[in-house]
Amino acid sequence: YDALQNNLQLREDMGNMIVHDFSNHLVSIILGCEILRYDNNQSRKDKHLELMDNSAKQLQSLTDSLLIMSKLESDKMLLEPEEVIIGEIIESVSE
């Protein structure tokens, strides 16, 4: 029973973190739109466009991760193990 309660609490905590992450990025995009609407300084507009673009990409990444997790949990995505050469992976990451 305690393990089940712990798992439910962890799931709720994760859900709260995801909602927090989503809302932070959405606020950044919404505020950026407002600034673009009223600010005449082009360099500030460019800076806010870049921030908005980064926030949108982070939202896309979060969404993709959630979809993958959902598929894994529902057994709709099967993982197929394959052999890899770990040295090549480490080398490519370090470059």
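Up top is the structure.
Here is what the cut-offs are and how they apply
- Residues numbered from 1 in each chain as written.
- Predicted model: local features only at pLDDT ≥ 70, side-chain atom pairs only at ≥ 80, totals over all residues.
- Heavy atoms only, no water.
- Helix = DSSP H or I, 4+ residues; strand = E, 2+ residues; numbered from the N terminus.
- Buried < 20%, exposed > 50% of the residue type's maximum accessible area, 1.4 Å probe, protein only.
- Areas by Shrake-Rupley, 256 points an atom, 1.4 Å probe, with all protein chains shown as cover.
- Lys, Arg positive; Asp, Glu negative; His and termini not counted.
- Charge placed at Lys NZ, Arg CZ, Asp CG, Glu CD.
- Salt bridge = Lys/Arg side-chain N within 4 Å of Asp/Glu carboxyl O.
- Contact = heavy atoms within 4.5 Å.
- Expected span 1.5 Å × (residues − 1).
- Patch = residues over 30% accessible without salt bridge, like charges linked within 9 Å, V, L, I, M, F, W, Y side chains within 5 Å.

A. Main features of the overall build of the protein. When you go through the protein residue by residue, the secondary structure sums to 3 helices and 0 strands. Along the first, second and third principal axes, the C-alpha set of the protein runs to 55 × 45 × 25 Å. Scored against the burial criterion, the 95 residues of the protein give a buried share of 9%. Accessible area of the protein: about 8300 Å², with a carbon and sulfur share of 57%. The centroid of the 8 positive side-chain charges in the protein is displaced by 14 Å from the centroid of its 18 negative side-chain charges.

B. Region of the structure containing the pattern of salt bridges. For the structure shown, the criterion picks out 3 salt bridges. As a salt-bridge pair, Lys57 and Asp53 come within 3.0 Å of each other at their nearest N and O atoms. Of this pair, Lys57 and Asp53 both sit in helix 2 (residues 42–73), 4 residues apart, which is roughly one turn of the helix. By relative accessible area, Asp53 is classed as partly exposed at 36%.

C. Seen up close, the side chain of Asp39. Looking at the element boundaries, Asp39 is found in the loop between helix 1 (2–38) and helix 2. For Asp39, the contacting residues outside a window of four places in its chain are Arg44 and Lys45.

D. Just helix 2, in detail. Along its 32 residues, helix 2 runs 46 Å from first to last C-alpha, staying within 8% of the 46 Å computed at 1.5 Å per residue. Residues His48, Met52, Ser55 and Leu59 constitute the buried set of helix 2. The inward-facing, buried residues of helix 2 abut helix 1. Just beyond helix 2, the residue with positive phi is Asp75, at close to 60°.

E. Inspection of a nonpolar patch on the surface at higher detail. Taken together, the side chains of Val84, Ile86, Ile89, Ile90 and Val93 make up a nonpolar region of the molecular surface, amounting to roughly 490 Å² of accessible area. Note on placement: Ile89 falls in helix 3 (residues 86–94). Here Ile89 falls in the partly exposed class, since its relative accessible area comes to 38%.

Treat this as a map of the structure, not an account of what it does.
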